[in-house]
Amino acid sequence: MTKKRVYLAGPFFSPEQKERLDLVADLLSKNPTINADAIHLPGNVQYPDADFGTFEWQTATFQNDIRQIDQADIVVAVLDYQLEENNDEADSGTVWECGYAHANRKPVILVRQNKGIPLNLMLAGSYTAMFDGLEDIQNLATYDFKILQNKYVDLSIF
């Protein structure tokens, strides 16, 4: 049985954001249909030959992320961005990665701790499954990433 490779998209700019990504990575690593050694977290792979934020760093980071999405079987996207600031908008980079993955026929799995809030129409129309709320997120450990059963959440869109 070939296990799936995951590109784990999501913001990693604060300790809280990193904790959310680590939670999802941990649940995915427990899933028997996921290759635990092939979960790519972009924030853990930094371009070492240039200073953070420089043009060289930006270009290298962008190209590496694209290569990693191309090599992945699935993109799992953590939409929670600035929960600590009561901001329900997803990170724009994460949304772009979802769009790129969808355009390249990669299944997109959405994950969000902040349950039941409206979801952008473009995200709502492009996901295969959504895990909404802390309790539902726990199901990432048992969801069959080989079958990829559609899992919709009834949400208002904006």
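In this text, all values refer to a predicted model and were calculated from it rather than measured experimentally.

Q: Looking at this model, I keep getting lost on the environment of Ile109. Mind explaining?
A: For Ile109, the location among the structural elements is in strand S4 (residues 108-112). Note on Ile109: relative accessible area 0%, which makes it buried. Each C-alpha atom of the pair Ile109 and Phe145 lies 9.6 Å from the other, and the pair is 36 residues apart in sequence. The residues contacting Ile109, other than those within four sequence positions of it, are Ile74, Val75, Val76, Ala77, Thr128, Ala129, Phe131, Leu140, Tyr143, Phe145 and Leu148.

Q: Whenever I open this one, the packing of helix H2 (residues 55-71) against helix H3 (residues 92-103) confuses me. Can you help?
A: The packing of two helices is summarised by the inter-axis angle and the distance between the axes. Contact pair H2 / H3: the axes reach a minimum separation of 10 Å and the direction vectors enclose 45°. One element, H2, and the other, H3, form an angle in the oblique class. The interaxial crossing formed by H2 with H3 has right-handed handedness. Of H3, the residues touching H2 (which contributes Phe62, Asp65, Ile66, Ile69 and Asp70) are Trp96, Glu97, Tyr100 and Ala101.

Q: I tried to follow the nonpolar core on my own but got confused; where do I start?
A: It is characteristic of soluble globular proteins that their nonpolar side chains tend to be buried jointly. Among the nonpolar cores identified, the biggest contains 23 residues, and Leu8, Val24, Leu28, Val76, Ile109, Leu140 and Phe145 are the most heavily contacted of them. Secondary structure elements with two or more residues in this core: strand S1 (4-9), helix H1 (15-30), strand S2 (34-40), strand S3 (74-78), S4 and strand S5 (129-132). Filtering out sequence-adjacent residues up to four positions away, Val24 remains in contact with Leu8, Val76, Val78, Val111 and Leu140. Membership of the second largest hydrophobic core comes to 19 residues, among which are Tyr100, Val108, Leu110 and Tyr127.

Q: Explain H2 here, please?
A: Given 3.6 residues per turn, any residue in an α-helix points the same way as the ones three and four places further on. Here H2 contains 17 residues, and its C-alpha end-to-end distance of 24 Å stays within 8% of the 24 Å for a straight helix at 1.5 Å per residue. Contact partners of the buried residues in H2: S1, S2, S3 and H3.

Q: How should I be thinking about the sheet that holds S4 in this particular structure?
A: Hydrogen bonding along the main chain pairs the strands of a sheet, whether they run parallel or antiparallel. Overall, parallel pairing links the five strands, which are arranged S2-S1-S3-S4-S5 in an open sheet. Of all strands in the sheet, those bounded by a partner on one side alone are S2 and S5. Direction aside, the axes of adjacent strands within the sheet are offset by 25° on average. For S4 and S5, the ladder comprises four bridges, and the chain directions are parallel.

Q: What exactly am I supposed to notice about the pairing of S1 here?
A: Along a regular strand, successive side chains alternate from one face of the sheet to the other. With three bridges connecting them, S1 and S2 associate as parallel partners. Paired with Val6 across the bridge in S2 is Ile39. The handedness of the S1 to S2 crossover, carried by H1, is right-handed. Two strands pair when backbone bridges link them, and S1 and S3 are joined in this way by four bridges, in the parallel orientation.

Q: Help me out: how do you make sense of the pairing of S3 in this one?
A: Of all five residues that make up S3, five are buried, and the element is covered over most of its length. Looking at chain direction, S3 and S4 are connected through four bridges and run parallel. The partner of Ala77 across the bridge, within S4, is Leu110. Considered for its hand, the β-α-β crossover made up of S3, H3 and S4 is right-handed.

Parameters at a glance
- Residues numbered from 1 in each chain as written.
- Predicted model: local features only at pLDDT ≥ 70, side-chain atom pairs only at ≥ 80, totals over all residues.
- Heavy atoms only, no water.
- Helix = DSSP H or I, 4+ residues; strand = E, 2+ residues; numbered from the N terminus.
- Buried < 20%, exposed > 50% of the residue type's maximum accessible area, 1.4 Å probe, protein only.
- Contact = heavy atoms within 4.5 Å.
- Axes fitted to C-alpha atoms, helices over the stretch in contact; angles between N-to-C directions.
- Parallel < 35°, antiparallel > 145°, perpendicular 65-115°, else oblique.
- Left-handed = near helix turned anticlockwise from the far one by under 90°.
- Core = buried A, V, L, I, M, F, W, Y, C linked by side-chain atoms within 4.5 Å.
- Expected span 1.5 Å × (residues − 1).
- Pairing = 2+ DSSP bridges.
- Right-handed = clockwise from strand over helix to strand, strands pointing away.

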